[in-house]
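Fold and geometry: a report
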Amino acid sequence: MKKNQNLKILMTIIITAIITFSVTLLWMYGNKEETFSSTNIGTALKSDKLSTKLKLIKSKIDNEYIGDVDENKLIEWAVKGYVEGLGDIYSDYFTPEEMQEYTQDTLGEYVGIGVYITRDTNANKILISGTIKNSPAEQAELKAGDILTAVDGIPCTGDDFDHITDKIKGKMGTKVKIKVLRNNEEKEFEIERKNVEIIRVTSQMLDNNIGYIYISSFDGTKVAEQFEEEYNNLKRQGATSLIVDLRNNGGGIVDEATDIGDLFTDKGTTLLIEEDKNGKESVIKAKRDKEITMNTVLLVNKYSASASEILAGIIKDETENVTIIGDTTYGKGVIQSLYTLSDGSGLKITTNQYFTPKHNEINKKGIEPDIKIESYDFDGEIDKDKDTEIKKAMELLKNR
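Being a predicted model, the structure only gives us computed values, none of them experimental.

Attention shifts here to helix H7 (residues 223-236). Between its first and last C-alpha, H7 extends 20 Å over 14 residues, near the 20 Å set by a 1.5 Å rise per residue. Inspection of H7 places Val 223, Ala 224, Gln 226, Phe 227, Glu 230, Tyr 231 and Leu 234 among the buried residues, and these make up the whole buried set. Down the axis of H7, the sector holding all buried residues measures 160 degrees, keeping them to one side. Seen from the buried face of H7, the exposed residues on the opposite side, beyond 90 degrees, are Glu 225 and Arg 236. Check the buried side of H7 and you find it contacts strand E10 (194-197), strand E11 (201-206), strand E12 (210-215), strand E13 (241-245) and helix H8 (254-263). One or two residues past the end of H7 sits Gly 238, with phi positive at roughly 100 degrees.

This part covers the sheet that holds strand E17 (residues 322-326). With respect to topology, 6 strands assemble into an open sheet ordered E11-E12-E13-E16-E17-E20, the strand pairing being mixed. Both edges of this open sheet fall to E11 and strand E20 (371-372), since each of them pairs with a single strand only. Here 2 bridges tie E17 to E20, and the two strands are oriented parallel to one another. The residue bridging Gly 326 from the neighbouring strand is Lys 372, located in E20. Each of strand E16 (296-300) and E17 touches helix H9 (residues 307-318); the most contacted strand, E17, lies at about 130 degrees to it. This element, helix H10 (residues 388-398), spans E11, E12, E13, E16, E17 and E20 of the sheet and lies at about 165 degrees to E16.

With that out of the way, let us pick up the confidence of the model for the chain. Within the chain, residue pLDDT values average 86, and 87% of them lie at 70 or more. This model gives residues 1-42 a pLDDT under 50, and the stretch forms 129 contacts once residues within four places in sequence are excluded.

The rules behind each value
Position numbers for residues start from 1 in each chain and track the written sequence from start to end. Note on the predicted model: pLDDT of at least 70 is required for a residue's local features to be given, and 80 or more for side-chain atom pairs to be given and counted; whole-chain, interface and lining totals, by contrast, use all residues. Computation of side-chain values covers all heavy atoms of the structure but excludes hydrogens and water. Secondary structure counts use DSSP, requiring at least four H or I residues in a row for a helix and at least two E residues in a row for a strand, with both numbered from the N terminus. The span you would expect from a helix comes to 1.5 Å times its residue count less one. Per-residue accessibility, obtained with a 1.4 Å probe over protein chains only, is compared with the maximum for each type, and a residue is labelled buried under 20%, exposed over 50%, and partly exposed between these values. Arc definition: directions from the helix axis to the C-beta atoms. Whether two residues are in contact is decided by their heavy atoms: any pair within 4.5 Å suffices. Here, any two strands with at least 2 DSSP bridges between them count as paired. All axes here are fitted lines through C-alpha atoms, helices being fitted over the stretch that makes contact, and every angle between N-to-C directions spans 0 to 180 degrees. Note: pLDDT gives the predictor's confidence per residue, expressed from 0 to 100.

Take a look at the structure:
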């Protein structure tokens, strides 16, 4: 899971929701469980050199520093700097607040109203850019383009953007009043906060009975379930071939990617090879019979990373009915484990490297497409007239 999952996103989008459960350990790309308390990390950091230097610095601050001292803040930054010293862009220490936000985005289930917002910097306004499918916001009929003007009777502008989600989110079953401006008309909604499932997978039917599925991210524990549901819906609508789009998908939970890869392969097929610090390898294999046999195109670009590359590697090594079109993928072939400490803070560190089923290395290399064409500036919405990759995919499937 890379820090900047999509370098192409121009607008900041925030989900106004809050997670309602905690984890002892979230193994980002597996199913292992382990406890990890603050005592463990304290013991791990007690090297003579480290403790001696910290004691010296603490003594100087205590005896000579003239400003106010927040001891908890100093501790958080000391640990954050220690992990930063690894020089690994994928490893991080999270404060309790950062950890809560991070796991919200990763696990994909929230309590909230399910609305996306963005800031219009020119007009200094907060805009609703969309709602989550089946969410309270969608059911209340909030719409993209609505200008958010007040929350619970308190007016807001673009200056309030960084803090507005804290005002909108809250506990399960409570209500929030949202006032918006739509076509110069003020509208007010009272919306109950509920459990919201983030939809990462969408689909539509294209010409010539071609089904199209877009996976925006592998974050969340129901991505594979959503994918299979959309695939079956397309089959019921008469789809005879398929396009699966992983462009701009920065990855997420690897189990979700291998579960989708399972649909394209025979039972017992190797899907992923993982290698730990000591060189010990473990192999993930397909658990079910092949489900998707129709001709398929997989779309990737240079922002397809991590779990996206795992799925692309499965497709490239182990399928005959799928063609990969697009650009060479990002090249993130390492796995992070995420630990929650007893105080709610978190540690994410790189613990494994992974390889394709045929033991090809992905890290810093990426997956090469079968048909490489100039990358289209994909923004999440397909344009059948301008999207060169979609046009090539449709042309290929039409002629099969």
